2 protein chains.
Amino acid sequence: MSEQRWVRLSTEEPTSTVCVLGTEMSLDVCGAAPSGATAFDVWGTSGVNLYIIHNGEVLKIPSCVPKWPLDCKVEVVVTMDQPSAEVNEDKVRISYYKDNGRTPMAKALLHLTCVEISLDADTNRSGTVQRRAKNKKNWTWGPEGKGAILLVNCDRDEPQDKMDNEDKKLESFLDRRDMSLMILTTRGPEDIFEDHQLVLHVSASDADKVGVFHAQGKRKKLSQHTHVLGHGKSSYVVEPSCDEEEHHFYVEGLAFPDIGFSGLVTFHATLLEATAKALPEAPIFNDTVVFRVAPWIMTPNTLQPITVYVCSIKGNADFVVEISKLSKKAGCRLIICPEAENRGDRWIQDEMEIGYTQAPHKSFPVVFDSPRKRELDGFPYKAVLGPDFGYVTRKAEGKGNSVSTLDSFGNLEVSPPVTVRGKEYPLGRVIIGSALPMPHGDKMVKVVRDFLYAQEVQSPIELYSAWLLVGHVDEFMCFVPASDRKGFRLLLASPSRCYKLLKEKEQEGYGDAMMFDGLGKDDKEISITAILADKSLRSINEYCQKCIDWNRDLLKEELELEEEDIIDIPQLFTRSSYSPSKAVAYFPDIVNMLVLGKYLGIPKPFGPIIHEQCCLEEEVRRLLEPLGLSCTFIDDYETYHKDLGEVHCGTNVRRKAFSFKWWNMTP
Amino acid sequence: MSEQRWVRLSTEEPTSTVCVLGTEMSLDVCGAAPSGATAFDVWGTSGVNLYIIHNGEVLKIPSCVPKWPLDCKVEVVVTMDQPSAEVNEDKVRISYYKDNGRTPMAKALLHLTCVEISLDADTNRSGTVQRRAKNKKNWTWGPEGKGAILLVNCDRDEPQDKMDNEDKKLESFLDRRDMSLMILTTRGPEDIFEDHQLVLHVSASDADKVGVFHAQGKRKKLSQHTHVLGHGKSSYVVEPSCDEEEHHFYVEGLAFPDIGFSGLVTFHATLLEATAKALPEAPIFNDTVVFRVAPWIMTPNTLQPITVYVCSIKGNADFVVEISKLSKKAGCRLIICPEAENRGDRWIQDEMEIGYTQAPHKSFPVVFDSPRKRELDGFPYKAVLGPDFGYVTRKAEGKGNSVSTLDSFGNLEVSPPVTVRGKEYPLGRVIIGSALPMPHGDKMVKVVRDFLYAQEVQSPIELYSAWLLVGHVDEFMCFVPASDRKGFRLLLASPSRCYKLLKEKEQEGYGDAMMFDGLGKDDKEISITAILADKSLRSINEYCQKCIDWNRDLLKEELELEEEDIIDIPQLFTRSSYSPSKAVAYFPDIVNMLVLGKYLGIPKPFGPIIHEQCCLEEEVRRLLEPLGLSCTFIDDYETYHKDLGEVHCGTNVRRKAFSFKWWNMTP
């Protein structure tokens with residue numbers, strides 16, 4: 001609202017009003033002037049500052065000019081410096097004169113009471129409430145940006161309860177720590193509230209986006225927290241309290257930004273003045289503070305891993321042991337989802353994506369539960385959600401929202417931070433896979449895409465992944481950390497590279513070396529020469545290479561990568577026996593790896609053995625070890641590869657949050 | 001998509017591909033190199049331009065350097081300058097060498113066919129399609145901005161038909177003129193389409209926002225226009241045509257920007273290359289063009305009036321005659337809505353708001369039909385919608401959307417252009433009225449507010465209007481044109497000003513002059529002295545003045561107005577007999593006037609007659625005539641005022657569009 005208020009005067013009887021600390025009052029000197037008056041003077045008690053604005057000049061009163069011409073261009077402005085001790089403590093008097101008369105024709109007396117009213121939050125993002133900030137109405141991005149931040153209170157601090165943003169209860173101080181403090185300061189004589197009312201409110205459309213608790217009483221015990229706004233309630237009359245000059249409100253977000261909700265929520269404190277009997281109050285002052293609901297943020301492979309998730313299923317004990325060893329090396333905690341919970345569904349990568357949300361005062365991880373409906377469906381809500389571990393999901397419902405394989409979160413990745421033609425993406429860019437633009441081409445469901453775009457801070461890129469039977473981006477790409485260049489490399493599955501390698505091996509005289517040697521399945525084995533001679537295999541791989549190259553060009557453009565930022569990893573694909581126009585990995589899909597810092601858990605490719613070494617493993621080591629990466633090849637053939645997934649599909653990782661704060665970027 | 005494409009080579013057999021005019025191909029020289037090769041050279045036919053990028057330097061081939069080290073840091077880039085006449089017309093050859101060998105170890109031969117593919121629209125907003133523009137992917141605001149514009153085809157060029165955006169038909173060239181032309185140019189040897197496919201597509205979520213017609217045949221007769229995209233269809237395979245290098249598409253918007261729809265719609269033309277049998281095509285090139293759907297724009301009182309609307313009802317013949325005379329003076333056409341259509345509902349201001357929409361090639365007026373449900377409900381659709389006269393509405397349905405009096409469009413106004421603390425609003429700002437932030441406070445329905453905010457170009461201001469029984473902003477404010485200052489004045493109803501005027505008249509000895517004199521109703525008449533003595537009347541007017549002053553401060557702030565931009569117009573309010581806590585005009589509400597250029601149709605206030613002149617009329621003339629305005633006082637007492645409306649409520653105006661084009665601003 002305006003920081004200058006127009007105040008009417010009367011020469012018939014004294015009038016009185018409230019002056020809010022920090023605002024200006026402009027007096028309607030002309031409006032109250034008696035006819036015939038041509039000049040006026042101004043006098044005030046010691047508590048008021050009086051200014052005359054005349055021809056653009058500001059003069060403080062008393063000044064050397066005793067009288068002023070009665071002219072709309074002469075403005076009288078009043079400010080006050082501290083809250084009054086009593087109602088109507090200060091006064092301003094305007095005296096009106098005719099021509100050169102020395103006795104006033106009439107006088108207008110205005111009684112003033114100064115009150116302080118300020119609605120404050122952590123608008124400078126320091127972690128504590130900033131008092132009496134200016135420009136609280138706007139929320140701006142960037143290191144110089146201003147504006148408070150709210151967390152979606154999507155964790156569950158009390159076991160067995162609902163999620164914290166699903167109810168109107170505040171049951172622990174742990175829960176309160178997820179909320180943002182907002183302070184409404186009211187200082188001034190208490191009697192002023194006999195004929196004034198203070199209302200805290202949000203717009204009706206924001207009332208389902210936030211919850212507000214009012215902490216009352218001197219000790220602000222848990223039981224003294226009342227739910228006052230949100231869940232439909234859009235206004236709250238703040239009762240004056242004799243022993244408190246500060247009202248403490250705790251604010252929680254109920255919903256992440258999404259289509260139709262920018263994330264901005266505006267709170268107003270409005271002072272209403274009682275008027276005549278049987279008439280409503282009239283508004284005289286408004287203070288406003290804007291919060292932005294913190295987005296859900298994904299963590300790329302370059303961030304330090306904290307926890308690894310894997311499913312224990314029938315027959316995968318060795319695999320779990322390997323993942324366990326690797327996690328230990330990388331200093332991660334391992335969480336094994338038992339068979340009772342996964343009911344044979346091993347694809348924990350597809351079920352969820354663990355990101356985080358962050359405000360200056362608090363940050364916690366948040367699991368995004370995919371719309372996929374398989375046996376692991378209940379796991380994120382039942383076993384991942386908890387104290388300071390949030391949960392969010394989007395249900396695929398209604399037209400255009402039927403779930404496909406593209407909705408599994410193996411098809412949802414994020415790049416490391418990049419700068420693209422001068423535009424910075426300090427939190428990287430979300431990567432999702434889609435179909436070709438043809439009729440009936442599947443896509444990730446709209447509700448998920450809308451959600452991802454609405455977070456704003458990791459501007460998504462859509463790749464073409466539906467050439468694969470499973471159709472996930474993690475089947476052909478992966479980011480690994482590197483200490484040089486941009487801090488990472490993009491690994492891309494490459495049939496060309498694989499053919500080139502095999503061709504070289506043949507030329508070196510190893511054409512008889514057998515692929516799938518070591519797998520213990522003689523019928524599967526096939527020589528390098530036979531692979532090279534298989535025209536059908538070559539043609540699908542040429543097709544796959546074209547599809548990957550399309551994505552390669554797109555990633556180079558959208559992440560501004562150079563050739564040296566990309567490593568082509570030898571890989572062959574083959575036609576799916578279910579759907580011959582779609583591709584699946586011919587041997588375990590190397591890029592579908594688990595990245596735990598420098599430790600890589602790589603699907604063991606079972607390539608031709610030359611000099612007692614798998615030539616594919618050797619090539620991968622040759623490409624990756626110079627970057628300081630440690631390659632561990634894990635046999636996932638029987639329990640994962642044969643079911644069309646690999647190590648990455650069968651694991652999930654919670655990583656550290658970025659040290660970069662999202663509000664310091666500019667989307 | 002990327003403007004650089006990564007192209008694989010083979011030393012085993014010649015490969016071939018398409019080079020799209022205007023793009024670069026980067027050759028994977030290293031990937032195809034035989035083992036042992038250490039250097040290479042490049043040769044090409046005359047149709048290709050070859051470049052070596054080495055240590056950041058770009059060298060055109062042939063250059064003085066005959067051979068290049070085989071190193072990933074040496075890049076070979078190919079461009080072509082014109083479409084090929086035949087498939088595989090041009091060639092590039094890479095020869096690989098070992099150490100200082102003079103005979104190549106191997107050669108990779110690439111056959112090239114250059115085609116031109118360009119998807120173009122009026123991206124520079126000149127009114128005609130701009131060919132081969134760069135950066136068509138982004139849409140930017142401002143005089144230097146780029147990006148094409150679509151109109152919502154919301155008129156009805158064929159009488160008796162549906163609205164033009166409601167069906168998939170193109171029935172006249174008049175209809176086609178509302179659409180934006182988009183041209184897909186394809187030049188190159190026709191045979192290339194034997195194994196390539198060109199697809200025009202939009203994202204699935206945009207498929208209900210646009211309609212696209214493909215104009216085929218040399219003569220492009222009306223019957224040769226096929227509906228190919230939109231109304232759910234999101235992709236269209238463009239068949240090559242032997243006699244056309246240009247495919248003409250006509251694009252119409254189906255929906256205005258709204259919550260969840262920014263107005264941006266992206267079209268892609270993707271070239272797909274056939275690969276092996278029984279495998280899908282692979283994408284190799286994509287051209288993209290972005291359109292923005294033009295917003296709905298309101299016209300302030302400062303714009304030239306074209307048409308005036310009024311209802312003919314029982315007893316208002318004199319009123320209609322007065323409006324007719326005024327319209328004639330102002331050079332406007334008058335449209336009288338007959339009783340058969342209005343069924344006694346005279347409030348044509350409340351039923352609709354006439355604005356316009358605009359693209360560089362076309363502009364037309366658009367009536368926004370309010371969610372109000374009264375007898376005039378069918379009028380905008382039946383009688384205003386027509387050829388080059390569009391229609392839009394928002395229905396109040398579902399939770400939080402029940403219609404109140406605040407949804408009438410007397411409560412929807414727009415300011416003239418303003419600049420506020422450096423921010424320009426060259427199309428003014430929308431003004432709507434709301435309730436106080438109290439429980440159960442009504443508001444304009446969300447669907448209408450969302451629509452108004454989503455238009456972006458006239459950033460709305462919400463005032464407090466619900467202190468009035470009817471609750472419309474046009475009951476206390478009005479803008480009139482002025483040749484000085486900002487080009488306008490804001491008129492505000494002012495009880496203070498009225499009391500001051502009456503007091504002066506009493507002091508001048510006219511205390512016995514009667515209000516409502518001349519109305520011909522003796523029982524209504526009341527003297528100035530009696531009005532001044534009525535304490536109850538004074539108290540409600542003090543309350544009303546406070547409510548108006550709240551809005552006054554807000555308008556000063558949000559439009560950056562100075563006192564001299566505002567004229568207080570004497571007015572009194574009284575308690576409504578229906579709802580004593582709400583206000584209604586005590587005498588005909590002066591600011592509720594019809595503004596037709598300099599001609600004002602003002603409700604005749606029936607104020608006290610002094611020296612044979614109504615002192616209120618005299619005061620209004622004194623305030624407004626110096627601005628060059630012509631005041632005509634119109635008696636609306638019996639047929640409008642008594643039913644709680646006045647001249648403005650009973651009329652509506654279509655005005656000329658702004659000469660300023662909306663895309664030249666920055667919201």
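All values derive from a computational prediction rather than experimental measurement. (Residues numbered from 1 in each chain as written. Chains lettered and ligands numbered in written order. Predicted model: local features only at pLDDT ≥ 70, side-chain atom pairs only at ≥ 80, totals over all residues. Heavy atoms only, no water.)

1. Thoughts on the interface of chain A and chain B
Contacts between the two partners involve 75 residues from chain A and, on the opposite side, 75 residues from chain B. When the buried area of chain A at its contact with chain B is split by residue, W6, R8 and W550 of chain A rank highest and sum to 12% of it. Where chain A packs against chain B, one counts 11 salt bridges. Its salt-bridge partner being R8 of chain B, residue D549 of chain A comes within 2.7 Å of it at the nearest N-O pair. Scanning the region where chain A abuts chain B turns up 10 residue pairs in polar contact (both at pLDDT 80 or more). Mapped onto the side of chain A that touches chain B, the elements with two or more residues apiece are β1 (4-7), β13 (196-202), β16 (235-238), β18 (264-273), β19 (282-293), α7 (495-510) and α9 (535-559) of chain A. When residues in the side of chain A that touches chain B are grouped by element, the largest group, 16 residues, is from α9 of chain A. Grouping the amino acids of the side of chain A that touches chain B by side-chain chemistry returns 28 nonpolar, 19 polar and 28 charged. (Contact = heavy atoms within 4.5 Å. Buried area = accessible area lost by both parts, 1.4 Å probe. Salt bridge = Lys/Arg side-chain N within 4 Å of Asp/Glu carboxyl O. Polar contact = N/O pair within 3.5 Å; in protein donor to acceptor, adjacent residues only side chain to side chain. Helix = DSSP H or I, 4+ residues; strand = E, 2+ residues; numbered from the N terminus. Nonpolar A, V, L, I, M, F, W, Y, C, P; charged D, E, K, R; others polar.)

2. Section: the packing of α7 of chain A against helix α10 (residues 615-624) of chain A
Between two packed helices, both the angle of their axes relative to each other and the distance between the axes serve to describe the pair. All names here are of chain A. At their nearest, the axes of α7 and α10 sit 11 Å apart, and the two run at 120° to each other. Crossing of α7 against α10: the hand is right-handed. For the pair α7 and α10, the contacting residues are R497, C498, L501 and K505 in the first and C615, L616, E618, E619, R622 and L623 in the second. Partitioning the contact of α7 with α10 into residue classes produces five nonpolar, no polar and five charged. (Axes fitted to C-alpha atoms, helices over the stretch in contact; angles between N-to-C directions. Left-handed = near helix turned anticlockwise from the far one by under 90°.)

3. Concerning the packing of aromatic side chains
This structure, assessed with the given rule, holds 42 aromatic pairs over all chains. Between F516 of chain A and Y586 of chain A, the ring centres sit 5.6 Å apart and the planes meet at 65°, which makes this aromatic pair edge-to-face. Residue F516 of chain A is found in the loop between β32 (514-515) and β33 (526-527), and its partner Y586 of chain A is found in the loop between β36 (583-585) and β37 (594-596); the two are separated by 70 residues along the sequence. For the residue pair F516 of chain A and Y586 of chain A, the accessibility class agrees, reading buried in each case. With centroids separated by 5.1 Å and ring planes inclined at 75°, the aromatic side chains of W139 of chain B and W141 of chain B adopt a geometry described as edge-to-face. Note on accessibility: W139 of chain B and W141 of chain B belong to one class, buried. (Phe/Tyr/Trp six-rings, centres within 6.5 Å; stacked < 30°, edge-to-face > 60°. Buried < 20%, exposed > 50% of the residue type's maximum accessible area, 1.4 Å probe, protein only.)

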